[in-house]
Amino acid sequence: MVATLLSVLSAFNRNTNNREDMADSSSSADPKAERTFIAVKPDGVQRGLVGEIVKRFEQRGYKMVAGRMMWASKEMLQKHYADLSSKPFFNGLVEYMNSGPIFAMVWEGKNVVKMGRMMLGETNPTNSLPGTIRGDYCIDVGRNICHGSDAVDSANAEIALWFGSDVQEYTLASKPWVYE
Ligand code: DAT
Ligand code: MG
C-alpha cells in the first residue's frame, strides 16, 4: 500500500516538476499565446483590489505568465508613458504612478490585448460600463486603478520594458477546457 502510494507520488512529481514537460512548445506560433501587460496601479493596490483584478483574468481563462510587486521609478514611468509626454496631465500621472507600489503582470491567451482592454473598461471610469473593472471600482480618470496595453505592439514593448525576458513558459492544465 505504502509502496503503491510512493510510486504514484513519484510519478506525479515526474509529471509536474519537469519544466520541459510543462513548457508549451507551440507557444510562439500559437494565436492563443498573445500577451498583454496589465498593472494594478498604486490606488488599486492600496484599495486591496489586486486579488479581484487577478481573479477576473484567471476566471476568464487567461494565463498569468509574469507577476510582480514593483515600485517604479519616475524614469521608468516616463518611458512607459512616453507617448503621453506632451499631455498636460503627464507629470501628475507619473507622480501618481510613483506614489506607491504597483502589481505588474503579463497575461497570455487568445485576443488578450483587446479583451483585456474590454475587461478594464474605458480610460475615464465615468464612461466605463458596470461589469468592467473600472466601471465597478473607480470614478476619477486620475485614479482609474489599472493599466492595460492598447495594442499587440505596445504590449510587447511594455512587457520588454517591465519584465525583459523574465516571463514563464508553461501550459496551464485548464487549456483544453478553455480552448476548443
Ligand atoms: P489608458 O490607461 O486607458 O490606456 P491612456 O493611455 O490614454 O489611457 O492614458 C494613460 C493614463 O493617463 C490613464 O489611464 C489615466 C491618465 N489620463 C488619461 N487621460 C487623462 C486626462 N484627460 N486627464 C487626466 N488623466 C488622464
Ligand atoms: Mg494607454
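What you see is a predicted model; the values in this text were computed from it and never measured.

We now examine the state of the cysteines. Counted by the stated rule, this structure contains 0 disulfides. Between Cys 138, a cysteine without a disulfide, and Cys 146, which holds the nearest cysteine sulfur, the sulfur-to-sulfur distance is 6.2 Å. Assessed through its relative accessible area of 11%, Cys 138 is described here as buried. A relative accessible area of 0% means that Cys 146 is categorised as buried.

What follows covers the site of ligand 1. Contacts to ligand 1 come from Lys 41, Tyr 81, Leu 84, Phe 89, Leu 93, Arg 117, Thr 123, Arg 134, Val 141 and Asn 144. Contacts to ligand 1 include Lys 41, whose side-chain N or O atom sits 2.9 Å from an oxygen atom. Contacts to ligand 1 include Thr 123, whose side-chain N or O atom sits 2.5 Å from an oxygen atom. For ligand 1, the accessible surface in isolation is 510 Å², of which the surrounding protein chains cover 73%.

Residues Phe 37, Met 97, Trp 162 and Phe 163 are the most contacted members of the largest nonpolar core, which totals 21 residues. Looking at this core element by element, the count peaks at 5 residues for helix α6 (residues 90-97). Core analysis: the second largest hydrophobic core is formed by 20 residues, Phe 57, Ile 133, Ile 145 and Tyr 179 among them.

This part is about the sheet that holds strand β1 (residues 35-40). The antiparallel open sheet is built from 4 strands, whose spatial order is β2-β3-β1-β4. Edge positions in the sheet fall to β2 (63-70) and β4 (146-148), since each of these pairs with one other strand and no more. Ignoring which end each strand starts from, the neighbouring axes of this sheet average 15 degrees apart. Where β1 meets strand β3 (residues 102-108), 6 bridges bridge the pair, whose relative direction is antiparallel. Pairing of Phe 37 across the sheet is with Val 106, part of β3. Against the sheet, helix α4 (residues 50-60) makes contact with β1, β2, β3 and β4, and its axis sits at roughly 5 degrees relative to β3, the strand it touches most.

This part is about the environment of Glu 169. Position of Glu 169 among the secondary structure elements: in the loop between α9 (152-163) and α10 (175-178). In sequence terms Glu 169 and Val 65 are 104 residues apart; their C-alpha atoms lie 6.9 Å from each other. Within polar-contact distance, the side chain of Glu 169 engages the side chain of Arg 35 at 3.4 Å.

Turning to the packing of α4 against helix α7 (residues 112-120), a few remarks are in order. Interaxial distance between α4 and α7 falls to 12 Å at its minimum, and their mutual angle equals 135 degrees. One element, α4, and the other, α7, form an angle in the oblique class. In this structure, the crossing between α4 and α7 has a hand that is right-handed. Residues Arg 56, Phe 57 and Arg 60 of α4 pack against Met 115, Gly 116, Met 119 and Leu 120 of α7. When grouped by side-chain class, the residues that make up the contact of α4 with α7 number 4 nonpolar, 1 polar and 2 charged.

Rules of the game
- Within any chain, residue numbers begin from 1 and follow the written order of that chain's sequence.
- Written order decides the labels, with chains lettered from A and ligands numbered from 1.
- Reporting in this predicted model follows two pLDDT cut-offs: at least 70 for local features of residues, and 80 or more for side-chain atom pairs to be given and counted; totals over whole chains, interfaces and linings ignore these cut-offs and use all residues.
- The side-chain values count all of the structure's non-hydrogen atoms but skip hydrogen atoms and water molecules.
- Pairs of cysteine sulfur atoms within 2.5 Å are what we label disulfides.
- Buried residues are those whose accessible area, probed at 1.4 Å on protein chains only, stays under 20% of the maximum for their type, while exposed residues exceed 50% and partly exposed ones sit between those limits.
- In this text, near means that some heavy atom of the residue lies within 4 Å of the molecule or strand in question.
- We call two N or O atoms a polar contact when they sit within 3.5 Å, provided that within protein one can donate a hydrogen and the other can accept it, with sequence-adjacent residues counted only if both atoms are side-chain atoms.
- Per-residue and other accessible areas were derived by the Shrake-Rupley procedure at a 1.4 Å probe size, with only the shown protein chains allowed to occlude residues.
- The criterion is simple. A nonpolar core is a set of buried Ala, Val, Leu, Ile, Met, Phe, Trp, Tyr and Cys residues joined through side-chain atoms within 4.5 Å.
- Per the convention used, a helix needs a DSSP run of H or I reaching at least four residues, while a strand needs a run of E reaching at least two, with both numbered from the N terminus.
- Strands pair, by our definition, only if DSSP identifies at least two bridges between them.
- Lines are fitted to the C-alpha atoms to define the axes, a helix being fitted only along its stretch in contact, and any angle between axes, read from their N-to-C directions, falls within 0 to 180 degrees.
- Throughout, a residue-residue contact means that at least one pair of heavy atoms, one from each residue, lies within 4.5 Å.
- Reported orientations rely on four angle classes, namely roughly parallel under 35 degrees, roughly antiparallel over 145, roughly perpendicular from 65 to 115, and oblique for the rest.
- Handedness of each helix crossing follows the sense of rotation of the near helix against the far helix: counterclockwise by less than a right angle gives left-handed, clockwise gives right-handed.
- Ten residues, namely Ala, Val, Leu, Ile, Met, Phe, Trp, Tyr, Cys and Pro, are considered nonpolar, four, namely Asp, Glu, Lys and Arg, are considered charged, and the remaining ones, Gly among them, are considered polar.

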